[in-house]
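A structural walkthrough
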Amino acid sequence: MNLSGMSLRDLEYVVAIADHGSFVRAAEHCRVAQPSLSAQVRKLEAWLGIAIFERTTRRVIVTTEGRAFVEQARRVLAEARRLLTMAQHADEPFGGSLRLAAISTLGPYLFPRILQGLRRRYPKLGLILSEGLTSELVPKLIDGDLDAVLLSLPLNDPALATVALFSEPFLLACPKGHPASRKSGPTWEGLDAQDRLLLEEGHCLREQALAGCSAPDRSNRLATSLETLKYMVAAGEGCTLVPALAVSERDAVVYSRLRGTNYSRKVGLAWRRSDPRGSEFSTLAERLRQIASAFDIDVDVT
């Protein structure tokens, strides 16, 4: 059996009959002669080898087999309409919709800073935003569940193209009165291992924080998010590293700048090399660079 014996129009007839409970009203809805609609549905039933409808003199009843077919027909028609919508918006950037994700230590702080600028550049674009761990987002990007991801570089995957957007420094966050909060106090590397607070495994920021330690203690107290880490610091539990975009005047901690290449991350945009919209992603990256140039942080990408 192949699909040549069934058309989308056939599915529209079936769904209309199920919705209206009448061949006559279904024909009116579909703007077709009732005998033609009835004949086409009988032809479809014969081709499928099932009865979709039980016909009586008073009403039309959907059979048990027919109910499953009708529900699936609804889904097929919905997807077909999506194809039509995509074609109608083909001349718009990204086809009118962009599924953009960011790693969880970046998204909550970067999205509010870039959305207004993106709206000005892409006024008709429907943005679908999400967050997650790098290990979660990259497979989704490769599989086509996402269009682009904002993350920490480098990203070594031959299936993906990446463009650096800006460099974000890390700041040392300490409790008020902590020795490391003073100019002459210890830096992140000079802290006692038990005094360093880290994110849970899976966060790239955790690995970047560990890279700045000569003798890291991987059994430290952990947190699930940056905000939780800041609460722990404010409560006197220890010190941590916080990306510059995540710093807020409301944080009840003392921040100090750190020196060295270990204390920053390069933020970039990634998309599939196979995506035919590559030039559009390059344009998007350039727009994001322009927006980032107004951030109150060092945005040098060299």
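Summary of the structure given here. (Residues numbered from 1 in each chain as written. Predicted model: local features only at pLDDT ≥ 70, side-chain atom pairs only at ≥ 80, totals over all residues. Heavy atoms only, no water.)

Mapping M232 onto the fold places it in helix α8 (residues 226-234). For M232, a relative accessible area of 17% gives the class buried. Along the sequence, M232 and C174 sit 58 residues apart, while their C-alpha atoms lie 9.7 Å from each other. (Helix = DSSP H or I, 4+ residues; strand = E, 2+ residues; numbered from the N terminus. Buried < 20%, exposed > 50% of the residue type's maximum accessible area, 1.4 Å probe, protein only.)

Spanning 15 residues, helix α5 (residues 107-121) covers 20 Å between terminal C-alpha atoms, matching the ideal 21 Å at 1.5 Å per step. At I114, α5 shows its maximal bend, which comes to roughly 40°. By the burial criterion, the buried members of α5 are G107, Y109, L110, F111, I114, G117 and L118. Looking at the buried side of α5, the elements it contacts are β3 (97-103), β4 (126-132), β5 (148-153), β6 (160-174), α8 and α9 (278-292). (Expected span 1.5 Å × (residues − 1). Bend = angle between axes of the 7 residues up to and from the residue. Contact = heavy atoms within 4.5 Å.)

In this section: helix α1 (residues 8-20). Its 13 residues give α1 an end-to-end C-alpha distance of 18 Å, which sits within 8% of 18 Å, the value for a rise of 1.5 Å per residue. Within α1, burial applies to D10, L11, Y13, V14, V15, A16 and I17. Two residues or fewer after α1 comes G21, characterised by a positive phi angle close to 65°.

Where α1 meets helix α3 (residues 34-48), the axes come as close as 10 Å, and the angle between the chain directions of the two elements is 105°. Between α1 and α3, the crossing angle belongs to the class labelled roughly perpendicular. Together, D10, Y13, V14 and I17 of α1 and L37, Q40, V41 and L44 of α3 make up the contact between the two elements. Among the residues making up the contact of α1 with α3, the classes are represented as six nonpolar, one polar and one charged. (Axes fitted to C-alpha atoms, helices over the stretch in contact; angles between N-to-C directions. Parallel < 35°, antiparallel > 145°, perpendicular 65-115°, else oblique. Nonpolar A, V, L, I, M, F, W, Y, C, P; charged D, E, K, R; others polar.)

For the coordinates displayed, the defined rule picks out five aromatic pairs. Ring plane angle 50° and centroid distance 5.0 Å describe the contact between F94 and F281, whose orientation is recorded as tilted. Here the residue F94 occupies a position in the loop between α4 (64-88) and β3, and F281 occupies one in helix α9, the gap between them amounting to 187 residues. Residue F94 is classed as buried on the basis of its relative accessible area, which comes to 3%. Ring geometry for F166 versus F295: centroids 5.6 Å apart, planes at 85°, classification edge-to-face. Note that F166 is positioned in strand β6 and F295 in the segment after α9, a separation of 129 residues in sequence. Each of the two residues, F166 as well as F295, counts as buried. Here a set of aromatic residues connected by ring pairs shows up, and it is made of F94, Y122, W271 and F281. The cationic tip of R121 hangs over the ring face of Y122; the distance from NZ or CZ to the ring centre is 4.7 Å. In this structure, R196 is placed above the aromatic ring of W188, and the distance from its NZ or CZ to the ring centre is 5.8 Å. (Phe/Tyr/Trp six-rings, centres within 6.5 Å; stacked < 30°, edge-to-face > 60°. Lys NZ or Arg CZ within 6 Å of the ring centre and 35° of its normal.)

Backbone torsion omega between L153 and P154 reads 10°, so that peptide bond is classified as cis. Mapping P154 onto the fold places it in the loop between β5 and β6. Even without being a glycine, R31 presents a positive backbone phi close to 55°. If you trace the backbone, R31 turns up in the loop between α2 (23-30) and α3. What makes R31 exposed here is its relative accessible area of 79%.

The next thing to look at is the pairing of strand β9 (residues 240-243). Across the two faces of β9 the burial is the same, with T240 and V242 and L241 and P243 all buried. Looking at chain direction, β6 and β9 are connected through four bridges and run antiparallel. Across the sheet, residue L171 finds its bridge partner in β9, namely V242. (Pairing = 2+ DSSP bridges.)

In the structure shown here, the tally under the stated rule is twelve salt bridges. The partner of E45 in a salt bridge is R55, with the nearest N and O atoms 2.8 Å apart. Of this pair, E45 sits in helix α3 while R55 sits in strand β1 (residues 53-55); the two residues are ten residues apart in sequence, bridging distant segments of the chain. On the accessibility criterion, R55 (29% relative accessible area) is partly exposed. Three or more residues are tied together by salt bridges with common partners; here these are R99, D147, R272, D275 and R277. (Salt bridge = Lys/Arg side-chain N within 4 Å of Asp/Glu carboxyl O.)

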